[in-house]
Amino acid sequence: VTPAAGAPFALAAGTVVVVPAGGAGQGDAARTGELLAARLRPATGFRVPVRASDDAAPVGAVVLRLDGAASLGDEGYELTISADSVRLTAARPAGLARGVQTLRQLLPP
């Protein structure tokens, strides 16, 4: 864990979950993105849509990608949170799922 200075990321009415539009693991990332969005909707009252895109993520997005370094292993992930976005990257679907659980644990009840 490396804490950074600056304002924290905040979920808002415009928050979207962005998953890859195609390529290897797209279905796994989309399923994990839907799971995250389904957990966030009742807790926040926001729509939290899931969008498939390979473009740069919009401000306020939670981005899930399966393009992490092989050195992360099957269950490893990298979670980067900035003031305007969250980026979760893993090499394998299990890592993406574990990263989503960590992200959920960082949120208030």
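(A) Representation of the overall build of the protein chain within the structure. Within the protein chain, the regular secondary structure consists of two helices and five strands. Counting from the amino terminus, helix and strand elements in the protein chain follow one another as β-α-β-β-β-β-α. Against the 2.2 N^0.38 benchmark of 13 Å for 109 residues, the protein chain shows a C-alpha radius of gyration of 13 Å, consistent with a compact globule. Based on the C-alpha atoms only, the size of the protein chain along its principal axes is roughly 35 × 30 × 25 Å. In the protein chain, the proportion of contacts linking residues at least 24 apart, taken out of those at least 6 apart, comes to 58%.

(B) Seen up close, the nonpolar core. Among the nonpolar cores identified, the biggest contains 17 residues, and Val17, Leu36, Val62, Leu64 and Leu96 are the most heavily contacted of them. For this core, the secondary-structure elements that each account for two or more residues are strand E1 (16-19), helix H1 (26-44), strand E3 (61-65), strand E5 (85-90) and helix H2 (93-106). Apart from residues lying up to four places away in sequence, leucine 64 is in contact with Val17, Val18, Val19, Pro20, Ala29, Thr32, Gly33, Leu88, Leu96 and Val100.

What counts and what doesn't
All residue numbers refer to positions counted from 1 along the written sequence of the respective chain. Residue-level local features of this predicted model are given only where pLDDT is at least 70; pairs of side-chain atoms are given and counted only at 80 or more, and the full residue set underlies all totals for whole chains, interfaces and linings. Water and hydrogen atoms play no part in the side-chain values, which are based on all heavy atoms of the structure. Put simply, DSSP marks the helices as runs of H or I at least four residues long and the strands as runs of E at least two long, and each gets a number from the N terminus on. As a reference, a globule follows 2.2 Å times the number of residues to the power 0.38, and the radius of gyration itself is taken over C-alpha atoms. Here, residues are in contact when the closest pair of their heavy atoms is within 4.5 Å. Here, nonpolar core means buried Ala, Val, Leu, Ile, Met, Phe, Trp, Tyr and Cys residues that are tied together by side-chain atoms lying within 4.5 Å of each other. Accessibility here uses a 1.4 Å probe with only protein chains present; expressed as a share of the type maximum, an area under 20% marks a residue as buried, one over 50% as exposed, and anything in between as partly exposed.

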